[in-house]
Amino acid sequence: MTYDFQFDAVFASWDYLLDGAWLTVRLSFGAMAIGLVIAIACALGKTSGPKPVRWLINAYIEVIRNTPFLVQIFLIFFGLPSIGLRLSPDVAALIAMVVNVGAYATEIIRAGIESIHKGQIEAGLALGLRPLQVFRYVVLKPALRTVYPALTSQFILLMLSSSVVSAISADELTSVANNIQSQTFRSFEIYIVVTGIYLVLALMFSALFAGIYRLAFAYTIDRR
């Protein structure tokens, strides 16, 4: 049996695919940025907050890490309207991605914070730094540097997992691909092209994160 490859129908919808890829990038960057802020706040609360705060953060993490991402998306998109809160597919997708990555990133950043020796914190306070300055310069930056590879891997996984939001018709890359496939019936061609696009996006994110690391965390040593 021979198969007649026809990529013309796929590339005829190239602009549509690019729009979907751009929404994937926007959703991913938005979720990464907001999720990182949430993760830092939750990691700080989990390591030094009062017991009720630690309990709430632990509950949030356990719920998110032990339930499927797809169910979380459905709960936000289909469940919230029952209490009068209706969200567009794109907004629901962003919220679900933020909530999901925030939980995973909290544990990653918590591990980084706990790797900082207490003597370094005491030294910072002894030098007259305010507690916020100690957290920013003595704790947070070295902690992020320590966990940066794990954190960026989680972010790339988030970008790839964004394909799940096609289930609520958010017009990201996979949703666009599904629409084109239903119109052209060229399943192999469309999904092999989309696979390539996701691969390119992942490599671009990796290169971007490597550049951020060199700018923000790579320390130079004067060997003179």
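The model shown is predicted, which means the values in this text are computed figures rather than measured ones.

Caption draft 1: Up close: the packing of aromatic side chains. Taken as a whole, this structure holds 12 aromatic pairs when the rule is applied. With centroids separated by 4.9 Å and ring planes inclined at 75 degrees, the aromatic side chains of Phe77 and Phe78 adopt a geometry described as edge-to-face. Given the relative accessible area of 17%, Phe77 is considered buried. Relative to Phe217, the ring of Tyr148 lies with its centre 5.3 Å away and its plane at 55 degrees, an arrangement referred to as tilted. Remark: Phe217 occurs in the segment after helix H9 (187–216) and Tyr148 occurs in helix H7 (residues 131–161); sequence separation between them is 69 residues. A relative accessible area of 7% means that Phe217 is categorised as buried.

Caption draft 2: Highlighting the confidence of the model for the protein. Averaged over the protein, the pLDDT score is 91; the fraction of residues at 70 or greater is 97%. Predicted confidence is poor over residues 220–224, with pLDDT under 50, and the contacts of this stretch with residues over four places away or in other chains come to 0 contacts.

Caption draft 3: Structural view of the UniProt feature "transmembrane region" (unreviewed entry) in the protein. UniProt feature "transmembrane region" (unreviewed entry): in the numbering of this structure it lies at residues 20–45, 66–85, 91–109, 146–170 and 190–216. Secondary structure content for residues 91–109 is 100% helix and 0% strand, while the C-alpha to C-alpha distance between its ends is 26 Å. Annotation note: span residues 190–216, helix share 100%, strand share 0%, distance between end C-alpha atoms 39 Å.

Caption draft 4: Region of interest: the side chain of Ser166. Within the secondary structure, Ser166 is located in the loop between H7 and helix H8 (173–184). In this structure, Ser166 is in contact with Glu172, Thr174, Ser175 and Asn178, ignoring residues within four places of it in sequence.

Caption draft 5: Inspection of the UniProt feature "domain: ABC transmembrane type-1" (unreviewed entry) in the protein at higher detail. Here the UniProt-annotated "domain: ABC transmembrane type-1" (unreviewed entry) positions come out as residues 21–209. A distance of 19 Å separates the end C-alpha atoms of residues 21–209, which is 82% helix and 0% strand.

Caption draft 6: Examining a nonpolar patch on the surface more closely. Judged by side-chain polarity, Tyr3, Phe5, Phe188 and Ile192 come together as a nonpolar surface patch covering roughly 410 Å² of accessible area. With respect to the secondary-structure elements, Phe188 resides in helix H9. Taking the relative accessible area as the measure of exposure, Phe188 reaches 45% and is therefore partly exposed.

Caption draft 7: Geometry of the nonpolar core. Core analysis: the biggest nonpolar cluster contains 57 residues, and Leu17 and Ile109 have the highest contact counts within it. Looking at this core, the elements with two or more residues in it are helix H2 (14–48), helix H4 (69–79), helix H5 (89–114), H7, H8 and H9. Examining the composition of this core, we find that 14 residues originate from one element, H7, more than from any other. The contact partners of Ile109, leaving out residues within four places of it in the chain, are Leu36, Ala39, Ile40, Ala43, Leu144, Val147 and Leu151.

Caption draft 8: Quick peek at the packing of H2 against H5. At a closest axis distance of 6 Å, the pairing of H2 and H5 adopts a crossing angle of 40 degrees. Considered as vectors, H2 and H5 are oriented oblique to each other. In the crossing of H2 with H5, the sense of the turn from one axis to the other is right-handed. Looking at the contact of H2 with H5 residue by residue, the class counts come to 19 nonpolar, 6 polar and 5 charged.

About the thresholds
Residues numbered from 1 in each chain as written. Predicted model: local features only at pLDDT ≥ 70, side-chain atom pairs only at ≥ 80, totals over all residues. Heavy atoms only, no water. Phe/Tyr/Trp six-rings, centres within 6.5 Å; stacked < 30°, edge-to-face > 60°. Buried < 20%, exposed > 50% of the residue type's maximum accessible area, 1.4 Å probe, protein only. Helix = DSSP H or I, 4+ residues; strand = E, 2+ residues; numbered from the N terminus. pLDDT = per-residue confidence, 0-100. Contact = heavy atoms within 4.5 Å. UniProt positions renumbered as here; feature names shortened; annotations may be inferred. Patch = residues over 30% accessible without salt bridge, like charges linked within 9 Å, V, L, I, M, F, W, Y side chains within 5 Å. Areas by Shrake-Rupley, 256 points an atom, 1.4 Å probe, with all protein chains shown as cover. Salt bridge = Lys/Arg side-chain N within 4 Å of Asp/Glu carboxyl O. Core = buried A, V, L, I, M, F, W, Y, C linked by side-chain atoms within 4.5 Å. Axes fitted to C-alpha atoms, helices over the stretch in contact; angles between N-to-C directions. Parallel < 35°, antiparallel > 145°, perpendicular 65-115°, else oblique. Left-handed = near helix turned anticlockwise from the far one by under 90°. Nonpolar A, V, L, I, M, F, W, Y, C, P; charged D, E, K, R; others polar.

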